[in-house]
Structure formats: structure tokens, C-alpha cells
Protein chains: 2
Amino acid sequence: MPIAIEVAASIPLFKDFDEASLAKVAGLMSSRTYLSHDIVMRKGEQAENLAFLLNGKLQVVDLSEEGREIGIHFILPGAYFGELSVIDGQPRSASVVSVKLSEVAFLPSTHARELIFHHPLVAKRLMTHFAQIVRAASSQRTLLSIPNAFQRVFAQLQTFVKDSKEGQVIEGLPKQHEIAIMVNTSRETVSRAIHTLMKLNIVEKQGTVLIVKQPERLKQAATVGVDETSLKK
Amino acid sequence: MPIAIEVAASIPLFKDFDEASLAKVAGLMSSRTYLSHDIVMRKGEQAENLAFLLNGKLQVVDLSEEGREIGIHFILPGAYFGELSVIDGQPRSASVVSVKLSEVAFLPSTHARELIFHHPLVAKRLMTHFAQIVRAASSQRTLLSIPNAFQRVFAQLQTFVKDSKEGQVIEGLPKQHEIAIMVNTSRETVSRAIHTLMKLNIVEKQGTVLIVKQPERLKQAATVGVDETSLKK
């Protein structure tokens with residue numbers, strides 16, 4: 001199904017496009033609906049399209065040789081994906097599956113490359129996004145170099161901390177098994193690490209939000225660990 | 001010191017530029033010489049230039065909060081560096097130091113951005129390079145998720161393997177402490193892992209080259225480990 005100009009206009013990568021450019025790109029795209037658990041993109045395949053999530057939620061699934069899941073990355077509405085293969089012509093680096101009913105729009109690779117390399121606004125947006133990915137990968141690499149699993153969990157929690165009216169908080173904390181995958185440890189270790197922080201009154205759970213009551217001690221926990229002997233069992 | 005057109009022409013990012021474009025970019029650049037151990041770029045600083053190594057050798061130095069070195073990455077002649085900050089306006093993500101006498105050319109950020117976003121050939125080269133970096137970071141993330149340190153060393157060795165007339169070989173093997181930093185382990189573990197492979201006759205050292213005598217067993221060692229009980233002490 002071709003997509004409407006208004007839909008193309010809602011895609012951030014095309015923000016500030018004039019009417020003619022929007023009409024052109026919308027005319028080149030097509031959309032498709034995926035049910036939960038459908039495979040949208042398959043690792044190893046050749047790239048035929050640059051993809052955009054119009055609505056729903058997708059997950060990037062990358063597995064190790066032995067089938068363990070590596071990293072956790074979701075695709076949210078408005079985002080483009082599959083750009084690596086469109087750019088370098090190499091096979092897809094990971095699979096993408098739908099987490100719930102999702103609508104995805106596709107722009108054929110030839111047109112996508114034309115747009116990416118010849119349109120300064122698009123080039124700038126893609127490269128700024130790449131710069132963010134490279135910086136994030138580098139931070140995660142630093143985090144994974146921490147030998148102690150508890151400290152890795154604490155350091156990962158620190159990356160989620162945001163300032164709010166109530167002080168420092170973590171909203172939308174990922175699930176324990178998701179954090180476990182991010183920091184190379186078991187779900188049980190994540191559970192024990194978070195409970196240790198709660199027992200030490202460094203964080204407090206209020207509904208779905210984690211309040212960081214002692215930000216300095218969380219920072220210290222991430223860099224030098226916690227002294228568990230101070231815990232009364 | 002401004003740079004000559006011939007020097008600009010030797011930079012891969014400017015390959016296939018016409019004479020006028022080369023003259024223009026050369027006129028905007030300046031070069032500087034660095035002695036061994038000089039700091040070329042400092043983490044946290046604002047970006048004023050896109051940099052190019054004309055000759056010599058540089059090392060990207062990224063340290064954890066506690067001062068441990070993260071990753072090992074060298075910059076070789078012809079390469080550009082410092083592009084992240086030029087693109088996203090954020091501070092430098094790592095420091096760069098000279099390993100030996102080196103000459104570096106600089107293109108001011110404003111001109112670099114104009115070139116990067118408005119010149120399709122340059123945009124394509126930069127994005128292809130970013131795609132490679134993202135793919136490599138993702139592979140390294142997979143490798144670091146292997147819990148066993150010996151297996152991480154074996155998996156890292158596998159990434160160095162090249163086909164040659166003598167079969168599969170590893171040329172220019174990084175130093176043991178460099179491999180240790182790449183795979184989050186100690187130099188001693190790297191040493192023991194490589195010696196185990198030699199004892200099992202999976203690899204053999206011939207001068208500066210490591211011959212992979214049993215490629216299948218190296219692959220197996222990386223995925224399921226080695227059976228050390230088969231080793232006669």
C-alpha cells in the first residue's frame with residue numbers, strides 16, 4: 001500500500017521537506033502491517049529497503065553463535081531502521097521482529113541512497129544519529145569492561161537516571177532480564193543488585209519509578225562497589 | 001602551515017575530487033607536526049577541526065573512570081579522525097596521542113561540515129565508514145558477551161585470521177596486553193590461551209606470523225572452548 005503525504009510528513013527524517021519532495025518520497029514508499037512476533041527483517045539478507053516504523057513497536061534481535069541474545073534495542077514509531085545495509089551493501093546485521101501490531105513503511109534502497117547521500121538535511125540527520133550510536137557503543141564498551149557484575153548493574157542504572165521535580169529518578173526501568181542482557185550478567189544478579197541498593201536506601205521504588213535518594217552513593221557504587229557488610233540481614 | 005594540493009589529493013576522503021575542489025580544500029587546511037607522546041586531541045574539548053593523519057601513527061586513548069584503558073585503536077596515515085564532534089557538536093569522545101613523529105592536517109569544522117553534508121561522495125564515504133564502525137562495535141559486543149575469558153581470546157584471534165597461500169594465518173598479531181584490553185581480560189590470560197592453542201597444535205608460531213593449522217578447531221575453541229585435559233603437562 002502506498003503511503004499518504006501526511007504520513008511521510010510525520011516521519012522525522014523528512015521534517016522540513018517541501019511539499020514537492022514529500023510527495024515524491026511518499027510516492028516511492030509502500031507500507032505493510034505486521035502482527036506481533038512477525039519477522040520484519042532477517043539477519044543475513046540483502047537490503048532492498050530503508051524502513052520506517054509508522055506505528056507499533058519492534059525489537060532488534062541479535063543472537064550470538066550459541067543463540068544467546070545480545071543487547072536490547074527497541075524501535076519506536078517515527079524511527080528509521082535497516083540503514084546500515086542500504087549504505088554499505090552488506091547483509092542485514094540483525095533481525096527485527098514486531099513486538100505488537102505494527103505498520104512499517106519501506107523506501108527502496110536505490111531511492112534511499114539517493115536521498116541519504118544527495119540531500120544535505122538527510123545526510124546531516126543520519127550522520128548525527130550515527131555519531132550518537134558510536135558514542136553510546138563506546139560508553140557501553142566502557143561499562144562492560146567493569147569486572148564486577150554488581151558494579152556493571154549500578155553503572156547501567158546510572159545511565160537511566162534523569163532529573164525531575166522529585167530529584168533524580170529512573171522512569172521506565174527496563175525489565176530485569178533486559179538489564180541482564182545489557183550488562184552481561186544473569187537476571188538473578190540484577191535482582192540482587194537492585195535489592196541491595198534498596199536495602200541501603202540508595203534507591204526507593206515508588207510504583208513504576210525508582211527514586212535515587214542518594215545520587216552520590218549510586219555513583220560511588222558504580223565506580224567502587226557497595227560495602228555489603230553494612231547490611232543487616 | 002597550509003597544505004599542498006598534492007597532499008590533499010593523497011587523502012582518501014578526497015579521492016576523485018576535481019582540481020578546483022582539491023585546491024579549495026587544500027587552501028582551507030593547515031598542518032602541524034607532533035612528537036611522540038604529544039596530545040593531538042583531548043577528550044572533553046569542543047571540536048574546532050576535522051583532522052587527517054598525513055604521516056606517522058596515532059593512538060586513540062579512552063579511559064574508564066578509574067583510569068583503565070578501554071579498547072585499542074590506532075590511526076594510520078590517510079585516515080580522518082575527530083568526525084563525531086564535528087558532526088554532532090558534542091565534546092571530543094576520546095583523546096588522541098601520537099605514537100611517533102606525526103604530521104596532522106586540520107580542516108576547520110565549519111568547512112568540514114559543509115563538505116560532509118553537501119558533497120555526496122564525501123557523505124557516502126563517511127556513512128560507509130560509520131556503517132563499518134557500527135557493525136564492528138556490534139561484533140565486539142557479541143564477543144564480550146562470552147563469559148569465558150579463554151573463549152573470548154580465541155574468538156578475538158578468529159577475527160584476525162586471513163586466508164593466504166600457506167592457508168589461514170594471523171599476520172601482525174597485536175601485543176598480548178592489547179588483546180587483553182580488547183577482550184576484557186589480563187595479559188596473563190591471553191598468554192595462557194595462546195600457549196594452550198600452541199600446545200594443542202591448533203596454531204603454530206613462525207616468526208611474526210601465527211599459522212592456523214586447524215581452523216575448525218580454532219572455531220570450535222571460540223564457541224565451546226578447549227578440552228585442556230587432553231594436554232600432557
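It should be noted that the structure appears before, not after, this text.
Owing to the predicted nature of the structure, the values given are computational and were not obtained by experimental measurement.

### Section: the side chain of A:Glu83
Residues and elements named next belong to chain A. Relative to the assigned elements, Glu-83 resides in helix 3 (residues 83–88). Buried and unpaired, Glu-83 has Arg-92 as its nearest opposite-charge partner, separated by 7.0 Å. Residue contacts for Glu-83: discarding those within four places in its chain leaves Leu-50, Leu-126, His-129, Phe-130 and Ile-133.

### Overview of the relation of the copies chain B and chain A
For the pair chain B and chain A, the relating rotation is 180°, the translation along its axis is 0.0 Å, and the fit reaches an RMSD of 0.0 Å. Look at the turn and shift together and you get a two-fold axis relating the two. Same-surface contact between copies: 100% of interface residues of chain B are shared with the interface of chain A.

### Comments concerning the pattern of salt bridges
All told, the structure shown has 14 salt bridges over all chains when counted by the stated rule. Salt-bridge contacts for A:Lys43 lead to A:Asp62; the nearest nitrogen and oxygen are separated by 2.9 Å. Here A:Lys43, found in the loop between strand 2 (39–41) and strand 3 (49–55), pairs with A:Asp62, found in the loop between strand 4 (58–61) and strand 5 (73–75); they are 19 residues apart in sequence, far enough to count as distant. Accessibility expressed as a relative area gives 9% for A:Asp62, which makes it buried. For B:Glu204, the salt bridge goes to B:Lys213, with nearest N and O atoms at 2.7 Å.

### Some details on the interface of chain B and chain A
The accessible area lost on association of the parts is a frequent measure of interface size. At the interface, 42 residues of chain B touch 42 residues of chain A. It is B:Met127, B:Arg135 and B:Arg141 in chain B that bury the most area against chain A; as a group they hold 21% of the surface buried on that side. Applying the counting criterion to the chain B and chain A interface returns two salt bridges. A salt bridge links A:Asp88 to B:Arg135; its shortest N-O distance comes to 2.8 Å. Our enumeration of links across chain B and chain A arrives at 17 residue pairs in polar contact (both at pLDDT 80 or more). Only helix 3 (83–88), helix 4 (109–118), helix 5 (120–144) and helix 7 (176–182) of chain B provide two or more residues apiece to the side of chain B that touches chain A. Counting residues per element, the side of chain B that touches chain A draws most heavily on helix 5 of chain B, at 16 residues.

### Some words on the packing of aromatic side chains
All told, the structure shown has seven aromatic pairs over all chains when counted by the stated rule. Here the aromatic rings of A:Phe14 and A:Phe17 are separated by 5.3 Å at their centres, their planes lie at 40°, and the arrangement is tilted. Summarising the burial analysis for this pair, A:Phe14 and A:Phe17 share the class buried. With a centroid separation of 5.4 Å and 10° between ring planes, the pair formed by A:Phe130 and B:Phe130 is classed as stacked. Pair noted here: A:Phe130 is in helix 5 (residues 120–144) and B:Phe130 is in helix 5, and the two residues belong to different chains. Judged by relative accessible area, which is 1%, B:Phe130 ranks as buried. The structure contains a cluster of three or more aromatic residues connected by ring pairs, namely A:Phe14, A:Phe17 and A:Phe52.

Definitions and limits used
- Residues numbered from 1 in each chain as written.
- Chains lettered and ligands numbered in written order.
- Predicted model: local features only at pLDDT ≥ 70, side-chain atom pairs only at ≥ 80, totals over all residues.
- Heavy atoms only, no water.
- Helix = DSSP H or I, 4+ residues; strand = E, 2+ residues; numbered from the N terminus.
- Buried < 20%, exposed > 50% of the residue type's maximum accessible area, 1.4 Å probe, protein only.
- Lys, Arg positive; Asp, Glu negative; His and termini not counted.
- Salt bridge = Lys/Arg side-chain N within 4 Å of Asp/Glu carboxyl O.
- Contact = heavy atoms within 4.5 Å.
- Least-squares fit on C-alpha atoms with pLDDT ≥ 70 in both.
- Buried area = accessible area lost by both parts, 1.4 Å probe.
- Polar contact = N/O pair within 3.5 Å; in protein donor to acceptor, adjacent residues only side chain to side chain.
- Phe/Tyr/Trp six-rings, centres within 6.5 Å; stacked < 30°, edge-to-face > 60°.

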